[in-house]
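So you can see what is in the structure, the chains are spelled out below.
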Amino acid sequence: MTPEALDAADVLAPFRQRFTLPAETIYLDGNSLGALPRDTAARMAEAVRSEWGEGLIRSWNDAGWVDAPGRIGDKIARLIGAGPGEVIACDSTSVNVFKALTGALSLAPERRVILSERGNFPTDVYMMQGIAALGGGQVEARLVEPGALEDAIDQTVAVVLVTQVHYKTGRVRDMAGLTRRAHEAGATIVWDLSHSAGAIPVDLAGAGPDFAVGCGYKYLNGGPGAPAFLYVARRHQNRVMPALSGWFGHADPFAFDDTYRPAEGVGRFLVGTPSVLGLAALEVGVDLFLEADMATVRAKSLSLSGLFIERMAPLCAGHGFRLASPENPAERGSQVSYSHPEGYAIMRALIARGVIGDFRAPDIVRFGFTPLYTSHADVAAAVAVLAEVMETGAWDRPEYRSRAAVT
Ligand SMILES: *Cc1c(COP(=O)(O)O)cnc(C)c1O
């Protein structure tokens, strides 16, 4: 089918009108920063002018500010197959990785290894290393090659930290299988869902992991630096004494007690005062997602990425691109990456022509497919622009080679 025919049959097409996208731009980076939902600006203006400006401190109670982390967490739970009361929206993904790992370590005091794979998203690895340093030799941050992860889960491992959809390759790990393997070895497991939530169907209830974390600003369209989320399986919530024992996780924060006493439930994993404005924007993005059916989103995502791979084939044959993502759709998240030695300059040239993807060192160009606002026509047009950049050599200019701070 042609891109036009695929778009004509697309039941998600109406969602595109719910986003504000710049003209003359094909946005293939929603896996890094989601696009702006049309309703976000008005909601933010209301939160600022009315709730903050008029309501002032009364809005903590009257505008639902204090309940926002749990309320939005419950909504995110529906997108990742979790139950109510199992997810809170708060802090950054990095901080939530810290909470999950320290919580997991406290569940297995006789074990000392945090296990992950080399090449995992850096912040996940850095948090492991920070916890190991804090543990003063009691905790080991152990990294193994991706293919060796499963076999490395032995009796010394307290917790496995793994990202479901790899940020570079987009490869999807088997959540149910690896979770089972960890549990058989007496370990717990933390899943990073940063490239999963809103990208692929996730079934936390079915797979039964212990903890999960993920991002609000990627596929969930919560805005730059949006609060992240933390999932703690109900069976663990009241067994874990939070390492980040902040007053918002206290059973009675406004008792101003001298002694920390954690709240019941997932609320104990809150730390400090929630980012109210960030949560207001995040909620709009999450609400929009809840109108879509995840199976339909997944089908369109694979249709978009499949078309992209098909159209890229001549550029692989003639211009040195090498597919770095799984060819098998079942193993692919909602992004497609290629390695190319001149990837950085090529991506800069593409962005200068209004086709926005991103670059990940050392040589990966990455394209994200966001079915709520990307069309098959966009995909075909993006590859056509890339073909033109390669055929004319337009990428080969000094200004495209100089590195910006954020790639
Ligand atoms: C994007 C991403 C993060 C981001 O963490 P922040 O604390 O929001 O900066 C973490 N883990 C993975 C796998 C990611 O892709």
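Note that the structure is predicted; figures quoted are calculated from it, not measured.

1. Let's talk about unusual backbone geometry
Omega for the bond connecting Ala361 with Pro362 falls within 30 degrees of zero, at 5 degrees, which places this linkage in the cis form. Here Pro362 is to be found in the loop between strand E14 (358-360) and strand E15 (364-368). At Glu24, a residue that is not glycine, the phi angle is positive and equals roughly 60 degrees. Position of Glu24 among the secondary structure elements: in the loop between strand E1 (19-20) and strand E2 (26-27). Using a relative accessible area of 76% as the deciding quantity, one classes Glu24 as exposed. Positive phi, normally seen in glycine, also occurs at Asn221, with a value near 60 degrees. Mapping Asn221 onto the fold places it in the loop between strand E9 (211-214) and strand E10 (228-232).

2. As for the pairing of E15
E15 sits mainly inside the fold: 5 of its 5 residues count as buried. On E15, burial covers both faces: Ile364, Arg366 and Gly368 on one face and Val365 and Phe367 on the other are all buried. Pairing analysis gives 5 bridges linking strand E12 (residues 335-339) to E15, with the strands arranged antiparallel. Opposite Ser339, over in E15, you have Ile364 as the bridge partner. By the bridge criterion, 3 bridges tie E14 to E15 in an arrangement that is antiparallel. Of the residues in E15, the one forming a bridge with Phe359 is Val365.

3. Comments concerning the UniProt feature "binding site: pyridoxal 5'-phosphate" (unreviewed entry) in the chain
Mapped onto the present numbering, the UniProt feature "binding site: pyridoxal 5'-phosphate" (unreviewed entry) falls on Thr93, Ser94, Phe121, Pro122, Thr123, Asp124, Thr163, Asp192, His195, Tyr217, Trp247 and Thr273. For the annotated residues, spread through 181 residues, the largest C-alpha to C-alpha distance comes to 30.4 Å, inconsistent with a single compact locus. Within the element layout of this structure, Thr123 appears in helix H6 (residues 122-134). Under the relative-accessibility criterion, Thr123 is labelled buried at 17%. Position of Thr273 among the secondary structure elements: in the loop between helix H9 (234-237) and helix H10 (276-290). Here Thr273 is in contact with Trp60, Trp247 and Phe248, once residues within four sequence places are set aside.

Each value, and the rule that gives it
- Residues numbered from 1 in each chain as written.
- Predicted model: local features only at pLDDT ≥ 70, side-chain atom pairs only at ≥ 80, totals over all residues.
- Heavy atoms only, no water.
- Helix = DSSP H or I, 4+ residues; strand = E, 2+ residues; numbered from the N terminus.
- Buried < 20%, exposed > 50% of the residue type's maximum accessible area, 1.4 Å probe, protein only.
- Pairing = 2+ DSSP bridges.
- UniProt positions renumbered as here; feature names shortened; annotations may be inferred.
- Contact = heavy atoms within 4.5 Å.

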